[in-house]
Amino acid sequence: KKAVTPSKEEQEKEIALLADQVAGVVKEYKTSKPAAAAAIRLAKVYESLGKSEQGLSLLQSIPDNSRSNMLRPLKGLQEASLAMNLNQFDVAVASFQRLLDDKTAEFIHAEVLVKMGLCFEKLNQFDRAKDSYLRASTEYSDTEAGRDARGYLRLLELNRQVKK
């Protein structure tokens, strides 16, 4: 007999069911580092399924008392990204600012600045968007995010010229 490949919709339903089951375990052990790491990954799964609200809710259920210098910033980045997906740009900007103020999050500052710029654009705060992109493109010019920032900066300038 030939195996039947499930449709993409059936696969997504199965993944969502498994994600919900794993989320239950994560919440049960929410104070542990493995649960925090799993929650970050699981939030990305929810995001890919178009369930950003569930991902954000899961991350918010994990306490911020992690002593890990990697997990706390990654959790914050994922929370802010999910807030962006939900059009909660003010919330995302506040989260990104906390990450910029956190010395242990320096390894993601370039990405944070670019995403912050995107939020400022959505909030029609173009000067602040420009500042974010400029900072990312100059302070992190050798990173992918720094190069992306240069592209966003050019697009921002072009859009502003067209609107004049």
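Provided above is the structure to which this section pertains.
Residues numbered from 1 in each chain as written. Predicted model: local features only at pLDDT ≥ 70, side-chain atom pairs only at ≥ 80, totals over all residues. Heavy atoms only, no water.

**Student:** Just checking my understanding: could you explain the environment of Asn 87 for this structure?
**Tutor:** Looking at the element boundaries, Asn 87 is found in the loop between helix H4 (71-85) and helix H5 (89-101). Counting along the chain gives 35 residues from Asn 87 to Lys 122, while the straight-line C-alpha distance between them is 8.7 Å. (Helix = DSSP H or I, 4+ residues; strand = E, 2+ residues; numbered from the N terminus.)

**Student:** Teacher, can you tell me more about helix H7 (residues 126-139) here?
**Tutor:** Counting along an α-helix, one turn takes 3.6 residues, and residues three or four places apart therefore face a common direction. The end-to-end C-alpha distance of H7, which contains 14 residues, comes to 20 Å, matching closely the 20 Å that a straight helix rising 1.5 Å per residue would cover. Among the residues making up H7, those that are buried are Ala 129, Ser 132, Tyr 133, Ala 136 and Ser 137. Along H7, the residues classed as buried sweep out an arc of 125 degrees about the axis, all on the same side. Exposed residues lying more than 90 degrees from the buried face of H7 are Asp 127 and Thr 138. Those residues of H7 hidden inside the fold are in contact with helix H6 (109-122) and helix H8 (144-163). (Expected span 1.5 Å × (residues − 1). Buried < 20%, exposed > 50% of the residue type's maximum accessible area, 1.4 Å probe, protein only. Arc of directions from axis to C-beta. Contact = heavy atoms within 4.5 Å.)

**Student:** Before we go on, may I ask you to explain the nonpolar core in this structure?
**Tutor:** Here is a general trend for soluble globular proteins: nonpolar side chains tend to be buried in one another's company. By size, the foremost hydrophobic cluster in this structure holds 27 residues, and its most contacted members are Phe 96, Leu 99, Val 112 and Cys 119. Only H4, H5, H6, H7 and H8 provide two or more residues apiece to this core. It is H6 that contributes the most residues to this core, seven residues altogether. Not counting chain neighbours up to four residues away, the residues in contact with Leu 99 comprise Pro 73, Gly 76, Leu 77, Ala 105, Ile 108, His 109 and Val 112. Residues Ala 23, Ala 39, Leu 42 and Leu 58 belong to the second largest nonpolar core, which totals 16 residues. (Core = buried A, V, L, I, M, F, W, Y, C linked by side-chain atoms within 4.5 Å.)

**Student:** When you look at the environment of Gly 146 in this model, what are you seeing that I'm missing?
**Tutor:** With respect to the element layout, Gly 146 can be found in helix H8. Separated by 13 residues in the primary sequence, Gly 146 and Tyr 133 place their C-alpha atoms 8.0 Å from one another. Not counting chain neighbours up to four residues away, the residues in contact with Gly 146 comprise Ala 136, Ser 137 and Tyr 140.

**Student:** Looking at this structure, how should I read the packing of helix H2 (residues 33-48) against H4?
**Tutor:** Describing two packed helices takes the angle between their axes plus the distance from one axis to the other. Here H2 crosses H4 at 25 degrees, and the two axes come no closer than 10 Å. Classed by the angle they form, the pair H2 and H4 counts as roughly parallel. Relative to H4, the crossing made by H2 is left-handed. Of the residues in H4, those touching H2 at Lys 33, Ala 36, Ala 37, Ile 40, Ala 43, Lys 44 and Glu 47 are Leu 71, Leu 74, Lys 75, Gln 78, Leu 82 and Asn 85. Looking at the contact of H2 with H4 residue by residue, the class counts come to seven nonpolar, two polar and four charged. (Axes fitted to C-alpha atoms, helices over the stretch in contact; angles between N-to-C directions. Parallel < 35°, antiparallel > 145°, perpendicular 65-115°, else oblique. Left-handed = near helix turned anticlockwise from the far one by under 90°. Nonpolar A, V, L, I, M, F, W, Y, C, P; charged D, E, K, R; others polar.)

**Student:** Sorry, what's going on with the packing of H4 against H6 here?
**Tutor:** Relative orientation of the contacting elements H4 and H6 amounts to 20 degrees, with a least axis distance of 11 Å. Classed by the angle they form, the pair H4 and H6 counts as roughly parallel. Considering only the axes of H4 and H6, their crossing is left-handed. Counted together, Leu 77, Ser 81 and Met 84 of H4 and Glu 111, Val 112, Lys 115, Leu 118 and Cys 119 of H6 form the full contact between these two elements. Taken together, the residues that form the contact of H4 with H6 break down as five nonpolar, one polar and two charged.

Fair warning: the whole summary comes from geometry, so function is off the table for now.
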